[in-house]
Amino acid sequence: MSISLNTCILILKEHHLLKSSAVQDAVATKMEYVSYDSRDIQTNTLFFCKGAGFRPTYLSMAKDNGAICYVAEQPFPEGKGMHALIVRDVAKAMALLSAAFFRFPQDDLFVVAFTGTKGKTTSAYFLKGMLDQINGGRTALLSSVNDIVGTKPEDSFKSSLTTPESLDLFRDMRRAVDNGMTHLVMEVSSQAYKKNRVFGLTYDLGFFLNISPDHIGPNEHPNFADYLHCKLQLLVNSRKCIINAETDHFDEVYAAATTTTNPDSIYLFAREGFENPNLKTSIDFRYASRESDLRETSFKVYSASDKAQSLAIGGDYTLKMLGDFNQTNGTAAIIGAGLAGEGHDDAAKGIRNVTIPGRMQTEMTKEHGMVVVDYAHNKASMTALMRFMRKEFDNPRIIVVVGAPGDKGISRRPGFSESLSEYADKAYLTTDDPGFEDPQSIAEEIDAGIDHSRCEVTIELDRQKAIHEAISEAGKDDVILICGKGADSFQKIRGVDTPYPSDIVVAQNAINEIEGTSAHFNG
Ligand SMILES: CC(=O)N[C@H]1[C@@H](OP(=O)(O)OP(=O)(O)OC[C@H]2O[C@@H](n3ccc(=O)[nH]c3=O)[C@H](O)[C@@H]2O)O[C@H](CO)[C@@H](O)[C@@H]1O[C@H](C)C(=O)N[C@@H](C)C(=O)N[C@H](CCC(=O)O)C(=O)O
Ligand SMILES: Nc1ncnc2c1ncn2[C@@H]1O[C@H](COP(=O)(O)OP(=O)(O)OP(=O)(O)O)[C@@H](O)[C@H]1O
């Protein structure tokens, strides 16, 4: 793969990004590698100087290692002797030039994007499960859990960001296309828009699931308005938009979709019985619960508008994952499958067995109730989870093991206290990625906001011990929710990913020890 200096200049000019260039007469020069990291350079690399942590010495290092051209927002003396493309916004330039370098792989994929405060990963996995039924497993996935760019084991890897940096994104897409993948399902975080990681990318389908205050703070969004604005960009960049009509801020969400998409290509969905008197357009798809058992969730989806009739997705569906919120995620994904040309039977078969590491993994014990390991880690998800358990299991005693991370998401902590006060009977406050903060202080901060007349609290910083104690004290009809870490097999402590067996393994061992059985969580 390569890109010429001339092509770079044309693209940057076309997007009014080029401030100046120093390329002598060498516009035909070809760059054969792209990178934003001086530790990853090959001969004839195009190097991007980007990021808050960028140091000019990285450019010197890149030049010494073989970079011949750099893209930056200002000229650097360290780049003397290299070609220089000085741009207004290096993140935007990197997205556009990376897409071109990797030969626009998005044009060879049916690209589906999900955004929302909660449910992105789950919906993305559901949709991959369904699309795999009709394309022989050729659905690529970019999620916050795993990235999958091919069908071989070496094409699946743990992701480091929910939405990759633009250069990595287009490289992954190219790899997916070269591996014969036909569809791509991806999660798009608000940070992806804030940092222009997906600048210039158009999705075939774009989903807006929900929004509640989150990711506000240093290094993320200065306020909710900025968070919402970034999330709305996904709809502006989608050919067809699918929106949860029950989302907060619906009017702004719908308006964002209509800026670039005709209402004929915007689909709304909602639970049966949901009405919004201010809604000026009709709901296209409805879903309603059917009887569920302890391990499965059943619901039906049906068309509620003429436009929706053309999709043959109406009918019953069963999920291996509990939670009424997963019916919402499932319905969104099913509409996606329908818009990709899939019918009910394939979709129902595809979604039937999807499980997701660390999301609603359950085990029924003999004497100590139901144990659930789930990734819920903010007020919205904790509330959704506990409210569902209260309703579904006839007001059980709810015991929660949870902690808040250090160094980030500090504004989430009062939300933990509020949701625990409202729905939990007992909380074990424990350690969850404390970073450079003291886990005892974090636990005390959450504890200070809890109404102890409603929720009893034990602070046990040893997470394994907290899980063991919670299960061992639980009675037959209780529900134990182990929240926040999902499938993580580390604790982030003072800058180091310290190995941790994962909540599933710890809970499994605890059940085995307490009951002398061989526990096995679903999923
Ligand atoms: C604040 C933020 O968005 N930071 C991201 C950003 O960092 P950055 O551009 O500022 O780069 P940097 O890490 O300061 O380093 C500067 C540059 O020097 C280069 N470098 C560095 C060392 C060296 O020896 N040589 C060298 O060239 C680096 O490769 C980099 O290009 O680009 C990096 C990749 O190039 C990301 O890893 C990093 O994400 C940080 C780690 C992060 O955690 N971001 C979170 C907030 C995030 O994006 N989360 C969302 C999910 C949350 C949501 O739902 O909104 C996500 O999409 O994952
Ligand atoms: N639609 C939903 N509404 C509210 N809570 C949800 C919803 N879907 C999932 N959850 C809860 O949120 C947790 C995370 O779900 P999921 O990983 O699908 O969301 P996400 O948007 O990818 O989250 P994150 O941005 O935190 O990675 C789940 O474990 C569950 O507790």
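The name given to the protein in an unreviewed UniProt entry is UDP-N-acetylmuramyl-tripeptide synthetase, and the organism recorded there is Lactobacillus pasteurii DSM 23907 = CRBIP 24.76. The protein has a UniProt comment under Function (unreviewed entry) that states "Catalyzes the addition of an amino acid to the nucleotide precursor UDP-N-acetylmuramoyl-L-alanyl-D-glutamate (UMAG) in the biosynthesis of bacterial cell-wall peptidoglycan."

### Structural notes on the site of ligand 2
Taken together, 21 residues sit near ligand 2, with G119, T121, T122, A376 and S381 positioned nearest. Residue assignment for the shell around ligand 2 shows that the elements contributing at least two residues are α4 (120-135), α10 (324-339) and α12 (379-392). For the shell around ligand 2, the leading source of residues is α12, giving four residues. Class assignment of the residues belonging to the shell around ligand 2 gives a composition of seven nonpolar, nine polar and five charged. Among the domains, domain 2 (105-352) and domain 3 (361-515) are the pair contributing at least three residues each to the shell around ligand 2.

### Notes on the sheet that holds strand β4 (residues 33-35)
An order of β2-β7-β6-β5-β4 is seen for the five strands of this open sheet, with the pairing classed as mixed. In the strand order of this sheet, the two ends are held by β2 (18-22) and β4, each with one partner. Within the sheet, the average angular offset between the axes of one strand and its neighbour, ignoring direction, is 15°. Bridging between β4 and strand β5 (residues 45-48) involves three bridges; their strand directions are parallel. Bridge pairing in β5 links V34 to L46. Along the sheet face, helix α2 (residues 56-65) touches β5 and β6 (67-72) and points at about 150° away from the line of β6.

### A look at the site of ligand 1
As a structural note, the neighbourhood of ligand 1 is formed by 22 residues, with G51, G53, L161, T162 and S189 the closest of them. Per-element tally for the shell around ligand 1: the top contributor is helix α6 (residues 190-194), with three residues. Each residue belonging to the shell around ligand 1 can be placed in one class, and the counts come to six nonpolar, 10 polar and six charged. Shared between two domains, the shell around ligand 1 holds at least three residues of each, these being domain 1 (3-101) and domain 2 (105-352).

### Overview of the pairing of strand β25 (residues 490-493)
In terms of strand pairing, β25 meets strand β26 (residues 496-499) through four bridges, oriented antiparallel. Pairing of K492 across the sheet is with D497, part of β26.

### Quick notes on the environment of E272
Relative to the helices and strands, E272 resides in the loop between β15 (266-271) and β16 (285-289). Excluding residues that lie within four positions of it along the chain, E272 makes contacts with R286, Y287 and A288.

### Focus: the environment of E73
You can see E73 is positioned in the loop between β6 and β7 (83-87). Residues E73 and A93, spaced 20 residues apart in sequence, show a C-alpha to C-alpha distance of 9.9 Å. Those residues in contact with E73 that lie beyond four places of it in its chain are I86, V87 and V90.

The rules behind these values
- Residues numbered from 1 in each chain as written.
- Chains lettered and ligands numbered in written order.
- Predicted model: local features only at pLDDT ≥ 70, side-chain atom pairs only at ≥ 80, totals over all residues.
- UniProt positions renumbered as here; feature names shortened; annotations may be inferred.
- Near = placed C-beta within 6 Å.
- Helix = DSSP H or I, 4+ residues; strand = E, 2+ residues; numbered from the N terminus.
- Nonpolar A, V, L, I, M, F, W, Y, C, P; charged D, E, K, R; others polar.
- Domains from an automatic or database assignment.
- Pairing = 2+ DSSP bridges.
- Axes fitted to C-alpha atoms, helices over the stretch in contact; angles between N-to-C directions.
- Contact = placed C-beta atoms within 7 Å.

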